[in-house]
Amino acid sequence: MKIPKQVKVGAMKYDVIQCSEVIVNNEEVAGSVSPSLQQIKVQTGLKKEFTTEVIIHEIVHAIAHHAGRSDLFADESIIECFANGFTQVMLDNKGIFNS
């Protein structure tokens with residue numbers, strides 16, 4: 001997956017920012033999303049497949065936020081389940097997502 005500069009989720013455009021460090025609650029993580037700032041941050045230096053998964057993971061958080069589901073936005077087990085599933089479908093079916 002080519003790392004996009006922006007991702008549109010609903011009506012909002014999120015900037016995708018690559019950072020050497022991503023910190024959330026004083027803990028280093030691979031990625032984060034801020035709906036209020038419209039930013040997705042992803043740590044640099046990750047393997048290509050993991051970077052794809054991290055970006056999809058953060059997009060799923062953003063989808064939950066824009067759907068008004070703060071309960072899902074904060075539920076890492078649900079987000080991870082959908083992010084892993086979407087990532088695998090995209091990697092296994094590359095041709096169907098290119099238009």
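Refer to the structure presented above.
Residues numbered from 1 in each chain as written. Predicted model: local features only at pLDDT ≥ 70, side-chain atom pairs only at ≥ 80, totals over all residues. Heavy atoms only, no water.

**Looking at helix 3 (residues 76-92)**
End to end, helix 3 covers 24 Å across 17 residues, agreeing with the expected 24 Å (1.5 Å per residue, within 8%). Listing the buried residues of helix 3 in full gives I79, A83 and T87. The buried residues of helix 3 occupy an angular sector of 55° when projected down its axis, which confines them to one face. Exposed residues lying more than 90 degrees from the buried face of helix 3 are S77, C81 and D92. Taken together, the buried residues of helix 3 touch helix 1 (48-66) and helix 2 (70-73). (Helix = DSSP H or I, 4+ residues; strand = E, 2+ residues; numbered from the N terminus. Expected span 1.5 Å × (residues − 1). Buried < 20%, exposed > 50% of the residue type's maximum accessible area, 1.4 Å probe, protein only. Arc of directions from axis to C-beta. Contact = heavy atoms within 4.5 Å.)

**Some points on the pattern of salt bridges**
Inspection of every chain in the model, using the stated rule, returns one salt bridge. The salt bridge involving R69 is made with D71; its shortest N-O contact spans 2.7 Å. Look at D71 and you get partly exposed, because its relative accessible area is 44%. (Salt bridge = Lys/Arg side-chain N within 4 Å of Asp/Glu carboxyl O.)

**Quick notes on the sheet that holds strand 6 (residues 39-43)**
Strand order across the open sheet formed by four strands is 1-2-6-5, with mixed pairing between neighbours. Of all the strands in the sheet, the pair left with one neighbour each is strand 1 (6-9) and strand 5 (31-34). Across this sheet, the average inter-strand angle for adjacent strands is 20°, counted without regard to direction. Bridge count between strand 1 and strand 2 (residues 12-19): four bridges; the pairing is antiparallel. Within strand 2, the position partnered with V7 by the bridge is Y14. Of the strands in this sheet, strand 1, strand 2, strand 5 and strand 6 are in contact with helix 1, which crosses strand 5 at around 25°. (Pairing = 2+ DSSP bridges. Axes fitted to C-alpha atoms, helices over the stretch in contact; angles between N-to-C directions.)

**Regarding unusual backbone geometry**
With a phi close to 60°, N26 is a non-glycine residue in the positive phi region. Inspection of the secondary structure assignment puts N26 in the loop between strand 3 (22-24) and strand 4 (27-29). Look at Q38: it is not a glycine, yet its phi comes out positive at around 55°. For Q38, the location among the structural elements is in the loop between strand 5 and strand 6.

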